[in-house]
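Architecture and fold: a report
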Amino acid sequence: RATALACAIVDIVAKIAKRLDLALTCRCGVNTGEVMGSMMAAELPRYLMYGDVCDAMNCLEAQGVPGCTQCGEATVARLGPEWAMTDGTITLPNGKVAKTKIIDPSDPSNQKAMCNPQGEGGKELEELLERLSLRPDLDSLCASMRPDARTDTVDQSVSVRR
């Protein structure tokens, strides 16, 4: 489901960019594996995740193709055959090169897979995508966005650039 959500984020940003007539792109990285985590502060909790899997995920996003989601090998092994993917590579912090797969959310096969992530939660994601894509107030939201915004970083795994 994380891959479907990452693709949905990229797809939604592309739709907003089209409505705003801006050269706005987004890329996501998805990786699977064991991580360590800690909670920082009690009143306004923030969570810190770390480990080799997180380092690789950061590389997946940072070295990704704009408008696409890049997945690590462990994630790809869990995806079904309905996903259309192309080969990619990333260079890890230790200098090693790792194989990846790149998913273009605009590919019709991936549009279908996004709304049926191996049968779990597909209906909810499909409804969310429909609401975000067809909401009447999306136009007013887009109109209120400042066209002079440079870069917004949502988190370490998703960057939006203009």
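In this text the structure is predicted, and so the values were computed from the model without any measurement. (Residues numbered from 1 in each chain as written. Predicted model: local features only at pLDDT ≥ 70, side-chain atom pairs only at ≥ 80, totals over all residues. Heavy atoms only, no water.)

**Remarks on the environment of A56**
Within the secondary structure layout, A56 lies in helix α2 (residues 52-62). Residue A56 is classed as buried on the basis of its relative accessible area, which comes to 13%. A C-alpha to C-alpha distance of 8.4 Å links A56 and I90, two positions 34 residues apart in sequence. Dropping the residues within four chain positions of it, A56 is found in contact with N31, I90 and L92. (Helix = DSSP H or I, 4+ residues; strand = E, 2+ residues; numbered from the N terminus. Buried < 20%, exposed > 50% of the residue type's maximum accessible area, 1.4 Å probe, protein only. Contact = heavy atoms within 4.5 Å.)

**As for unusual backbone geometry**
Although it is not a glycine, D21 sits at a positive phi angle of roughly 55 degrees. Residue class for D21 comes out exposed when judged on its relative accessible area of 70%.

**Points about the pattern of salt bridges**
Using the criterion set out here, one finds three salt bridges in the structure. K15 is the salt-bridge partner of D11, the closest N and O atoms lying 3.3 Å from each other. Here the residue D11 and the residue K15 both occupy positions in helix α1 (residues 2-20), the gap between them amounting to four residues, near one helical turn. The partner of D87 in a salt bridge is K101, with the nearest N and O atoms 2.3 Å apart. Of the two residues, D87 sits in strand β5 (residues 85-91) while K101 sits in strand β6 (residues 97-103), which places them 14 residues apart along the sequence. On the basis of relative accessible area, D87 is assigned to the exposed category, the value being 61%. For K101, a relative accessible area of 26% gives the class partly exposed. (Salt bridge = Lys/Arg side-chain N within 4 Å of Asp/Glu carboxyl O.)

**A look at the confidence of the model for the protein chain**
This prediction gives the protein chain a mean pLDDT of 76; 71% of its residues lie at or above 70. Taken as a whole, residues 134-139 scores under 50 in pLDDT and shows seven contacts with residues more than four places along the chain or in a different chain. Confidence drops under a pLDDT of 50 for residues 148-162, and excluding neighbours within four residues, the segment shows 39 contacts in the predicted structure. (pLDDT = per-residue confidence, 0-100.)

**Regarding the nonpolar core**
Of all hydrophobic cores here, the largest spans 18 residues; its most connected members are C7, C26, C28, C71, W83, I103 and M114. When contributions to this core are tallied by element, the ones reaching two or more residues are α1, β1 (25-30) and α4 (108-114). (Core = buried A, V, L, I, M, F, W, Y, C linked by side-chain atoms within 4.5 Å.)

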